[in-house]
Amino acid sequence: MDFLEAPPLPFYFTPEHEQFRATLRSFISREISPHVAEWDEAETFPRELYARIAALGVQGLGYPEAYGGTPCDVFHNIVVAEEFARCGAGGLQASLNSHSIALPPILRAGSEVLKARVIPPVLAGQKIAALAVTEPSGGSDVAALRTTAVRDGDHYVVNGEKTFITSGMRADFITTAVRTNPANKGAGGISVLVIDGDTPGLSRTSLKKMGWWSSDTAHLRFDNCRVPASNLVGVENEGFKTIMNNFNTERLFMAALGYSFAAVCLEEAVDWTRQRTTFGVPLSERQVVRHKLMDMAMRIEASRTLVYDLAYRFEHKLDDPARLVARICLAKVQATQAMQFCADQAVQLLGGMGFMRGTRSERIYREVKVMMIGGGSEEIMKDLAARQLGR
Ligand SMILES: Cc1cc2nc3c(=O)[nH]c(=O)nc-3n(C[C@H](O)[C@H](O)[C@H](O)COP(=O)(O)OP(=O)(O)OC[C@H]3O[C@@H](n4cnc5c(N)ncnc54)[C@H](O)[C@@H]3O)c2cc1C
């Protein structure tokens, strides 16, 4: 049984999805999986990988053809999450995919000139885009951000700091949330600016992390950075909504990654317990071990089924929007908790080997925490869900 894949579900996945899945699976098993350990140790990966996966159509999924993209439904993104998880390295995927949080605000609200300059080279894998919202003073309370952008003629002068920014070291374009109205300390004073990576006054520092080693994560400082006013995304002081709008798809994607990484742990645990014999009997024949494996499978199946259901409802606009937001928040929590449970059980079943670098379960065990914090932490997800449901 392949734990990484549900039985064929023609209701959700068409032959086109499956063909895309097969191409991606083959590329990942040949060109990515054999290298992820080495890239993690090196805390980087070859920049050319962006162009290579762009050539497969991955970077452009869901973007208009006019900018080099390929319109598609949300199930294509689920295929990407499920297939990338097989390599067992979340950091690589996070970096390659940082455009998925950086570009949507530009696509939705940017001027034609800005869209034409930024989006095509990023979708082609020639340039890298990052989203900079979180600040040292806090990430959950986005409306309280402090980085300022003061209008000066045809420019904004930006001062402040951003932290934990994925692709922050390499990004050519940084979609940045700034405060343009100092009198309004809340959501109403926030705008979005694209800050080019070579802007004088921008300095970047790489951060060391518990996991996601191959992904670059940066602390950014803006010291009197002069940013052309034409880089404003949408209307001044209306940026908060532009940033928040993308969260449904980001969280569905993270939920799909969550159960997929969990399934990698289950697969590794099944293989290991079939091969490992103690006291003359394979581990997999012990009832306590089989129960652990089924406890893992149960959580994976429940999360995967929920995500498919929500993706379908999202795609076909079947739910009341507030209810859908709430359920997607809860799905992200459930799937990342499944990932945490399965990583823990797999490392335990692998014994000392589970503590060694080189197994996917060991890496996933270190990487699960960021999945429970980034893209909206567990506490924030539950609070938001409760509010959306009117509780
Ligand atoms: C590896 C990595 C990559 C990241 N990439 C990006 C990126 O590309 N761009 C970007 O902008 N950000 C990025 N982030 C930041 C991430 O989005 C934030 O870490 C996250 O939003 C939480 O913010 P914080 O770390 O400031 O924690 P805080 O907001 O300070 O929260 C700390 C803790 O308190 C809890 N908490 C906060 N408020 C409440 C409340 N009201 N009730 C109960 N509990 C609460 C939180 O859930 C959390 O457990 C990244 C983070 C990491 C670790």
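Reading the values: rules and limits
Residues numbered from 1 in each chain as written. Predicted model: local features only at pLDDT ≥ 70, side-chain atom pairs only at ≥ 80, totals over all residues. Heavy atoms only, no water. 1 Å grid on protein atoms, 1.4 Å probe; cavity = no way out; pocket = protein on both sides within 12 Å on 5 of 7 lines; lining within 4 Å. Points joined across faces, edges and corners; volume = space filled by probe spheres on them. Nonpolar A, V, L, I, M, F, W, Y, C, P; charged D, E, K, R; others polar. Near = heavy atom within 4 Å. Polar contact = N/O pair within 3.5 Å; in protein donor to acceptor, adjacent residues only side chain to side chain. Areas by Shrake-Rupley, 256 points an atom, 1.4 Å probe, with all protein chains shown as cover. Helix = DSSP H or I, 4+ residues; strand = E, 2+ residues; numbered from the N terminus. Domains from an automatic or database assignment. Phe/Tyr/Trp six-rings, centres within 6.5 Å; stacked < 30°, edge-to-face > 60°. Buried < 20%, exposed > 50% of the residue type's maximum accessible area, 1.4 Å probe, protein only. Expected span 1.5 Å × (residues − 1). Patch = residues over 30% accessible without salt bridge, like charges linked within 9 Å, V, L, I, M, F, W, Y side chains within 5 Å. Salt bridge = Lys/Arg side-chain N within 4 Å of Asp/Glu carboxyl O. Disulfide = S-S within 2.5 Å. Core = buried A, V, L, I, M, F, W, Y, C linked by side-chain atoms within 4.5 Å. Contact = heavy atoms within 4.5 Å. Buried area = accessible area lost by both parts, 1.4 Å probe.

**Thoughts on the layout of surface pockets**
In step 1: Looking at the second largest pocket, its volume works out to about 160 Å³.
In step 2: Along the walls of the second largest pocket sit 15 residues, with Glu-43, Ser-206, Trp-213, Ser-215 and Asp-216 positioned nearest its centre.
In step 3: Grouping the amino acids of the lining of the second largest pocket by side-chain chemistry returns 4 nonpolar, 6 polar and 5 charged.

**Comments concerning the site of the ligand**
In step 1: Taken together, 18 residues lie around the ligand, and Thr-134, Gly-139, Ser-140, Ser-377 and Glu-379 are the ones closest in.
In step 2: Within the backbone of Leu-131, one N or O atom sits 2.8 Å away from a nitrogen atom of the ligand.
In step 3: Within the contact set of the ligand, a nitrogen atom lies 2.8 Å away from a side-chain nitrogen or oxygen of Thr-166.
In step 4: Look at the ligand: alone it shows 970 Å² of surface, and the protein chains cover 64% of it.
In step 5: Looking at the shell around the ligand, the elements with two or more residues in it are strand 1 (129-132), strand 3 (155-166), helix 12 (360-373) and helix 13 (378-388).
In step 6: The element contributing the most residues to the shell around the ligand is strand 3, with 3 residues.
In step 7: For the shell around the ligand, the domains that each give at least three residues are domain 2 (129-237) and domain 3 (243-388).

**Some details on the packing of aromatic side chains**
In this description, an aromatic ring pair is defined by two values, namely the gap between the centres and the angle between the planes.
In step 1: Tallied over the full model, the rule gives 11 aromatic pairs.
In step 2: With centroids separated by 5.3 Å and ring planes inclined at 80°, the aromatic side chains of Phe-13 and Phe-75 adopt a geometry described as edge-to-face. Highlighted residues: Phe-13 in the segment before helix 1 (15-32) and Phe-75 in helix 4 (residues 74-85), separated in sequence by 62 residues.
In step 3: The class for Phe-13 is buried, based on a relative accessible area of 5%.

**Here's the deal with helix 11 (residues 321-350)**
Because the α-helix completes a turn every 3.6 residues, residues three or four places apart line up on one side.
In step 1: For helix 11, built from 30 residues, the straight-helix expectation of 44 Å at 1.5 Å per residue is met to within 8% by its first-to-last C-alpha distance of 43 Å.
In step 2: Just downstream of helix 11, Gly-351 is the residue with a positive phi angle, here 65°.

**A look at a nonpolar patch on the surface**
In step 1: Taken together, the side chains of Met-353, Phe-355 and Met-356 present a nonpolar region at the surface, about 340 Å² in accessible area.
In step 2: Along the chain, Phe-355 turns up in the loop between helix 11 and helix 12.

**A word on the state of the cysteines**
In step 1: Applying the stated criterion across every chain yields a total of 0 disulfides.
In step 2: Of all cysteine sulfurs in the structure, the one in Cys-342 sits closest to Cys-265, which takes part in no disulfide; the separation is 6.5 Å.

**Looking at the nonpolar core**
In step 1: Among the nonpolar cores identified, the biggest contains 87 residues, and Ile-32, Ile-78, Phe-84, Val-158 and Leu-193 are the most heavily contacted of them.
In step 2: Among the elements that line this core, the one with the most residues is helix 9 (residues 247-275), at 15 residues.
In step 3: Setting aside chain neighbours within four positions, we find Leu-193 in contact with Ala-149, Tyr-156, Val-158, Ile-174, Thr-175, Thr-176, Val-178, Val-227, Asn-231 and Leu-232.
In step 4: In this structure, Tyr-67, Ile-119, Val-133 and Ile-243 belong to the second largest nonpolar core, which totals 22 residues.

**Examining the domain arrangement of the chain**
In step 1: Along its sequence, the chain is organised into domain 1 (15-123), domain 2 (129-237) and domain 3 (243-388).
In step 2: Contacts between the two partners involve 25 residues from domain 1 and, on the opposite side, 23 residues from domain 3.
In step 3: A combined buried area of about 1,900 Å² lies between domain 1 and domain 3, and 60% of that area is made up of carbon and sulfur atoms.
In step 4: Counting every contact that joins domain 1 to domain 3 gives 2 salt bridges.
In step 5: Among the salt bridges present, the one from Glu-41 reaches Arg-357, with a minimum N-O distance of 2.8 Å.
In step 6: Inspection of the region where domain 1 meets domain 3 yields 9 residue pairs in polar contact (both at pLDDT 80 or more).
In step 7: The element contributing the most residues to the side of domain 1 that touches domain 3 is helix 4, with 8 residues.
In step 8: Taken together, the residues of the side of domain 1 that touches domain 3 break down into 12 nonpolar, 7 polar and 6 charged.

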